[in-house]
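A closer look at the structure
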Amino acid sequence: MTAEVIDGVACAASIESSLQIRIDSLKQQGIIPHLAVVIVGEDPASHVYVRAKQRACERLGINSTRIDLPEETSFEQLAEIVQDLNTDDSVHGILVQSPLPNGINELAITDMIEPSKDVDGFHPVNLGRLVQSRDDGQIPCTPYGVMELLHWAGIELTGKRAVVIGRSFNVGMSQALLLAQKGADATVTIVHSKTQNPEEVCKEADILIAAVGVPEMVLASWIKPGAVVIDVGVNRVEDSSKERGYRLAGDVHPDVADVASALSPVPGGVGPMTIAMLMSNTVRSSEKKL
Ligand code: NAP
């Protein structure tokens, strides 16, 4: 079997076109959606992600403000910037790019972001609303993007066994909640670093979501024939044959395509969806529906 490719680029493009209509309508009311992104330090991957987010804003006509801060920025300085953005009525979405330098308590910064402007969906109020299955919160962009991708690809979830590898609040745990919610209706198991025999648990999955951060950890032998596999992982693997010295690898081994019925690629799968959902959360915030 060669798995069908679940094309995140095409799905993200279709989400962007529907957002464009809402952005045009906001502009007719005199509102230009505005996303502020704060980046602290020089982490190269973070700079790549922030540039991609800015490009998406440009494509859609969303205003974006980028605030670059040096590595030695203190917690207090960053907190003051977040407070200023909270009270700036022209700003609809605030994103503080992770990871922050050691010494800055990332959760404490997240706690300070006004929940209605928390377009990452990481504030405890928004995560609490997710647990309550409410529709008045912001949903973390990556797991939200995975749900949209599954829907777009016509993957039926009701009554299916879903396994999520990873339990971070930003990806795995939120993903598990979304899959188990009424309306999605999958039966969900979470695999983490203390799970015994993860391959046997994964083999029960009709739908497997890998969000681990270990390059190509999920092998073909872990997959139930015909399962749908979503690879969230983005890992830099040294590769001297590449000009930049590394290649991008997912959490799923490429041989999985021989066993799965459908597989999302890396790059070109979940990555573009994360950005599309960030744009979607920013538009939602601008519509003041929160
Ligand atoms: P994270 O916070 O490091 O969480 C990783 C999770 O994987 C943890 O829950 C950890 O378990 C679990 N884990 C680690 N090693 C394991 C193992 N050997 N077996 C089973 N579980 C294991 O990472 P994250 O932020 O969730 O990100 C996960 C991956 O997704 C990374 O590759 C990241 O780059 C990627 N990502 C991609 C996007 C995108 O837009 N495409 C967005 C966000 C993240 P414990 O809890 O037990 O430690």
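Residues numbered from 1 in each chain as written. Predicted model: local features only at pLDDT ≥ 70, side-chain atom pairs only at ≥ 80, totals over all residues. Heavy atoms only, no water.

1. Remarks on the environment of Glu 199
Rules: Labels follow the DSSP assignment, with helices taken as runs of H or I lasting at least four residues and strands as runs of E lasting at least two, numbered in each case from the N terminus. Throughout this description, buried means an accessible area under 20% of the type-specific maximum (1.4 Å probe, protein chains only), exposed means over 50%, and partly exposed covers the range between.
Considering the arrangement of structural elements, one finds Glu 199 in helix H8 (residues 198-202). Residue classification places Glu 199 among the partly exposed positions, given a relative accessible area of 33%. Through-space distance from the C-alpha of Glu 199 to that of Thr 65 is 44 Å; in sequence the pair is 134 residues apart.

2. Describing the site of the ligand
Filter applied, for reference: In this text, near means that some heavy atom of the residue lies within 4 Å of the molecule or strand in question. Here a polar contact means two N or O atoms within 3.5 Å. Within protein one must be a hydrogen donor candidate and the other an acceptor candidate, and residues neighboring in sequence count only if both atoms are side-chain atoms. Only the protein chains shown count as cover for residues, and the accessible areas themselves come from Shrake-Rupley with a 1.4 Å probe. Charged means Asp, Glu, Lys or Arg here, nonpolar means Ala, Val, Leu, Ile, Met, Phe, Trp, Tyr, Cys or Pro, and polar covers whatever is left, Gly included.
The ligand sits among 22 residues. The nearest are Arg 167, Ser 168, Ser 193, Val 232 and Thr 274. Contact between the ligand and Asn 170: an oxygen atom at 3.1 Å from a side-chain N or O atom of the residue. Within the contact set of the ligand, a nitrogen atom lies 3.4 Å away from a backbone nitrogen or oxygen of Val 232. Here the ligand has 920 Å² of accessible area as a free molecule, and 68% of this is covered by the chains. A per-element tally of the shell around the ligand places helix H9 (residues 270-286) first, with three residues. Here the shell around the ligand is composed, by residue class, of nine nonpolar, 11 polar and two charged.

3. Here we look at the pairing of strand E3 (residues 63-69)
How we decide: In short, DSSP must find at least two bridges between two strands for them to pair.
Across seven bridges, the pairing between strand E2 (residues 34-40) and E3 is parallel. Following the sheet pairing, Val 40 is matched in E3 by Leu 69.

4. Overview of the domain arrangement of the chain
Short version of the rule: A domain assignment, automatic or from a database, supplies the domain bounds used here.
Here the chain is partitioned into domain 1 (30-116) and domain 2 (140-271). A separation of 28 Å is found between the C-alpha centroids of domain 1 and domain 2.

5. Side note on unusual backbone geometry
Note that the residue after Ser 98, namely Pro 99, is joined by a cis bond; omega there is 0°. The amide bond that connects Val 266 to the next residue, Pro 267, takes the cis arrangement and shows omega of -5°. Relative to the helices and strands, Pro 267 resides in the loop between strand E11 (262-263) and H9. Even without being a glycine, Asn 197 presents a positive backbone phi close to 50°. Looking at the secondary structure, you find Asn 197 in the loop between strand E6 (187-191) and H8. Of note in this structure, Glu 216 is not a glycine but carries a positive phi near 55°. Positionally, Glu 216 belongs in the loop between strand E7 (207-210) and strand E8 (228-231).

6. Description of the sheet that holds E3
Remark on secondary structure: sheet strands pair via backbone hydrogen bonds, oriented parallel or antiparallel. Under the convention used in this document: Whenever a helix is involved, its axis is fitted only over the stretch in contact; in every case the axis is a line through C-alpha atoms, and angles between N-to-C directions fall within 0 to 180 degrees.
Spatially, the three strands line up as an open sheet ordered E3-E2-E4, and their pairing is parallel. Both edges of this open sheet fall to E3 and strand E4 (93-96), since each of them pairs with a single strand only. For this sheet, the mean angle separating the axes of adjacent strands, direction not counted, is 15°. As defined by bridge partners, E2 adjoins E4 across four bridges and the pair is classed as parallel. Following the sheet pairing, Val 38 is matched in E4 by Val 96.

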